[in-house]
Amino acid sequence: MSEYSLPVREAVDSALSETTRGTFLENLHAWVVTVDHKRLGILYILYSTFFLLVAGAEALLIRLQLAYPHNQVLSAQVYNRFFTMHGTTMVFLVGMPFLFGFANYIVPLQIGTRDMAFPRLNAFSFWLTAFGGFLLYYSFLGGGGLYGVGNAPDVGWFAYAPLTARSFSPGHATDYWALALIVSGFGTLGTAVNIIATIVSMRCKGMTLMRMPLFTWLLLIVSMLTLVTITPLTAAQFMLLIDRYLGGHFFDTQAGGSSLIWIHFFWIFGHPEVYVLVLPAFAIANEIIPVFCRKAIFGYPAMVAASVAIMFVSLGVWAHHMFTVGMTSVSNAFFTLSTMLVGVPTGIKIFNWIATLWGGRIRFTTPMLFCIGFLFQFLIAGLTGIMLSVSPWDWQLHNSYFVIAHFHYVLVGAIVFCIFAAIYFWYPKATGKLMDETLGKWHFWLFTIGFHITFDTMHFLGLLGMPRSIYTYQPDRGWNFLNLVVSIGGLIQGIAVLIFAYNFIRSYSRGKIAGDDPWDAWTLEWTTSSPPPVYNFEEIPEVHSRRPLWDLKHPDDPDWEYEA
Amino acid sequence: MQTKRDGRLIRFAGAVLCFSLTTSVLAQGTTPSTLAPASTPAHQVYDLSIFVIAITGGIFLVVGGLLAIALYKFRARKSDPMTEPAQIYGSTQIELAWTVIPVLIVVVLFLATARIIFAIQDAPKPAVAVDVTAIGHQFWWEFRYPKYGVVTANELHIPVSPDFAPKPTFLKLTSADVNHSFWIPQLAGKTDLIANHINTMWIDPKKEGLYIGQCAQFCGLQHAMMLLRVYVDTPDQFDAWIKNQQQPGRQEAQAAVGRKVFETQACMNCHAISGTAATGRFGPDLTHLMNRATLASGAMDNTPQNLRQWIRAPDTFKRGALMPAMQLNDEQLDQVTAYLETLK
């Protein structure tokens, strides 16, 4: 449907073609020094795709080790490093950069502007994040310090004090962990500030807050939440380093410090962090689902309100990670209630998505399939979340494989599914080529099947009493068969991701030409060429409704006549 | 309690059936299953969990069903007209309805949960209760019975607590080093052991037997081998066990050489054997080592060969355990193993 586009573009575009190709070094240099939001977005996404493969490989090794009881593929030490690195990588080097990558690429296009508010801060933030990641992985070489050769953090991704004290974690592995998160945390804060400034001050004419695409709305909320949550994490990391090297006693229980302080700090960051990751996933679904069922999103104001509500409620639920640390019964009841309340705005969102589908004409393209997978899996993840909020039951389920299953349902079943959906959806915009649909469907079905084999089964392991973070288990526990099943599912997911990686690379040179608007979509990014020029829009567009391209394509029946 | 539970079970039998079938088929005898509760707190949690599964399962069927219907009914067809479907932007009434219904469900779930939180956490401690202090160490458990003056490790013995003569066990939990978590799924939910911080929990197993669990909070290198065994004894067995534990370590003449080795080597710096010069507290109390079925917090069975190998090279079984290889010669190894084998 690429015959629709804003008329202003044709007039200028051909005159400003910039297809002079430099040498490889010139190109590389251009990418390193770039301050273009689109290039930085792509850098973010390539960076997190790389770490997705790394952390995925770690997960497969973890599952190989757990496939049989008393397996000896990995030693206890290596296993502990791998699960720590897997968790840290997936949250900080995969989840956040992926979502900030999409934010970088999409938000300025959607609000009709030429770049982020602070392009150089944008580049600085990306490189901080990137070097934070490389610093973390350098620990495999340098983490042993004077104590020996290779090492890496092995304290778990939430690194409960006092296990991180120098007496229990000698060497420098824990320092690399803390420093890497401080560095990438500053990068994250920079990007969050930038996104907020961009959305607040750079919207094109006519784009009021209530006409912003939901993707942009949710990224605004996420960025505000990021500012509030990364701060306590960074503070806690500084306290940890002060404890380790400057004689502090914040977490030093031997000197009267408190482990609980760390746990509080960590989860005051850690729980809102879940929403920092999942709200962008919602944002992606909010864009893709309407396009492929050919209907406007149902209840736009309710979707905005629900997202804002999630932001506020999510700041008051952190201690549901702490039901077993011995809080009073009143505190346990309070955090049970606040956690359950998250289910209300989340439920509204799911109902609105279903209502959006209702009465539509659903096209089962690869991005839509991933969004549908997301809807089912997020529903289940939400319901197991309710189960975990029931604090007495959480005393049983906490730190068991049930929890592992639950948060992988959120992080993989919801977030990674939406990330894949977003890649299939916006890849043609960024590269000008469509990703292959057949390979995409292979990817979707294999990944979904593998996902369910792995993570559905894990729930039962948790109910049968298997705790997390164990490098092996006794053969008489009744967990053998289920663990083997989980590992096989992991392998299937691994194969699916390889198909995706192949498709991702192959489509760049051999994909079908996409055109400006391959999905017949409605937001401003689809008015630009694919890939968009450096300056995005020759003339800053003006919008009159939430779906400027709908208005353009249906001048007889424009949206602004209906929007409240 | 009993009748309420039965009523609830009948009501939600359908929801439970498939669930319990799946898990019970998969579980074996020694599985530390949360679905086979054997003590009041575990039972209460289990009953609550069935209630929650019924409600969330219902939500799943309704919402998942609507989603599936939408996907099937509104799929794009070849016969569709070329125009777009009718655009619907929202409906305040419908959205109000699906805000209010979840709120009501939350209220119900919260009230059911709060009842159990207070019932378990604030249960009064009866005078007959047995007191145990559990102290977590990297990577083993220390158990103290302050009323009886008994100290043991890794294998907790407690009396059975039948309904007609309840004798629950109240645990105080703390840690000597990093955080740990005490978890016997069949007896109760887990409670963390945290240094500088005392937690409490209670269990009242209804049936004798062995209950299995392990540390549930990552505590370092050998977290996976910080296993936990709880023996629930009949009152007579328990009294006999306590009586035996209160005795000092046996001193058999033929084991005197081994005892000498124990007392003159570094063993005594970390281990205690009452009635001897060994009063170390960094490692498990060995006064009645032979009453334990396992060594190294469940890492292996307590056999003479394993014990000897453990003293010679702990890395064989549990690499990273804080016990050092003792560098004894073969003769000393045999002697000290023989001595430890007498500590019944």
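Residues numbered from 1 in each chain as written. Chains lettered and ligands numbered in written order. Predicted model: local features only at pLDDT ≥ 70, side-chain atom pairs only at ≥ 80, totals over all residues.

Peer 1: Account for the sheet that holds strand 4 (residues 155-159) of chain B, with residues named and values stated.
Peer 2: Residues and elements named next belong to chain B. As summarised here, the arrangement of the 3 strands in space is 4-10-9, forming an open sheet in which the pairing is mixed. The outermost strands of the open sheet, each flanked by one partner alone, are strand 4 and strand 9 (209-214). Neighbour-to-neighbour, the strand axes of the sheet open up by a mean angle of 25°, direction not taken into account. The strands touched by helix 5 (residues 235-246) within the sheet are strand 4 and strand 10 (227-233), with strand 4 carrying the most contacts at an inclination of about 130°. (Pairing = 2+ DSSP bridges. Helix = DSSP H or I, 4+ residues; strand = E, 2+ residues; numbered from the N terminus. Axes fitted to C-alpha atoms, helices over the stretch in contact; angles between N-to-C directions. Contact = placed C-beta atoms within 7 Å.)

Peer 1: Could you give me a rundown of the environment of A:Tyr473, with the residues and numbers involved?
Peer 2: Residue and element names in this part refer to chain A. By the element assignment, Tyr473 lies in the loop between helix 14 (437-463) and helix 15 (480-510). The spatial distance from the C-alpha of Tyr473 to the C-alpha of Ser307 is 41 Å, given a sequence separation of 166 residues. Contacts of Tyr473, omitting those with residues within four sequence positions, involve Pro69, Met466 and Trp479.

Peer 1: Summarise the interface of chain A and chain B; cite the residues concerned and give the values.
Peer 2: Listed per partner, the contact involves 78 residues of chain A and 79 residues of chain B. Looking at the side of chain A that touches chain B, the elements with two or more residues in it are helix 4 (76-110), helix 8 (259-293), helix 9 (300-314), helix 10 (329-357), helix 11 (366-389), helix 12 (391-397), helix 14 and helix 15 of chain A. Looking at the side of chain A that touches chain B element by element, the count peaks at 15 residues for helix 10 of chain A. Its residues placed into classes, the side of chain A that touches chain B shows 45 nonpolar, 26 polar and 7 charged. (Nonpolar A, V, L, I, M, F, W, Y, C, P; charged D, E, K, R; others polar.)

Peer 1: Which residues make up the nonpolar core, and what values do they have?
Peer 2: All names here are of chain A. Of all hydrophobic cores here, the largest spans 279 residues; its most connected members are Cys371, Phe374, Cys418 and Ala421. With 24 residues, helix 13 (residues 401-431) is the largest single contributor of residues to this core. Excluding residues that lie within four positions of it along the chain, Ala421 makes contacts with Ile284, Ile288, Pro367, Phe370, Cys371 and Phe374. (Core = buried A, V, L, I, M, F, W, Y, C linked by C-beta atoms within 7 Å. Buried ≥ 20, exposed ≤ 12 C-beta atoms within 10 Å, placed from the backbone.)

Peer 1: Lay out the sheet that holds strand 2 (residues 140-145) of chain B in plain terms, naming residues and giving numbers.
Peer 2: All names here are of chain B. On the basis of which strands lie adjacent, the open sheet formed by 5 strands has the order 3-2-1-5-8 and mixed pairing. Where the open sheet ends on each side, the last strands, each with one partner, are strand 3 (150-153) and strand 8 (199-203). Direction aside, neighbouring strands of the sheet carry axes that sit 25° apart on average. Relative to strand 3, strand 2 runs antiparallel, the two sharing 4 bridges. Bridging across to strand 3, Arg144 finds its partner in Val151.

Peer 1: So what about helix 7 (residues 214-245) of chain A? Which residues, and what values?
Peer 2: All names here are of chain A. Spanning 32 residues, helix 7 covers 46 Å between terminal C-alpha atoms, matching the ideal 46 Å at 1.5 Å per step. In helix 7, a bend of some 25° at Thr226 exceeds every other bend along the element. At the exit of helix 7 stands Gly247, carrying a positive phi of roughly 70°. (Expected span 1.5 Å × (residues − 1). Bend = angle between axes of the 7 residues up to and from the residue.)

Peer 1: Lay out the confidence of the model for chain B with the relevant residues and their values.
Peer 2: In regions of low pLDDT, the predicted coordinates are not meant to be interpreted in detail. Averaged over all residues, the pLDDT of chain B equals 90, while 92% of them reach at least 70. As scored by the predictor, the complex reaches a pTM of 0.92 and an ipTM of 0.91. (pLDDT = per-residue confidence, 0-100.)

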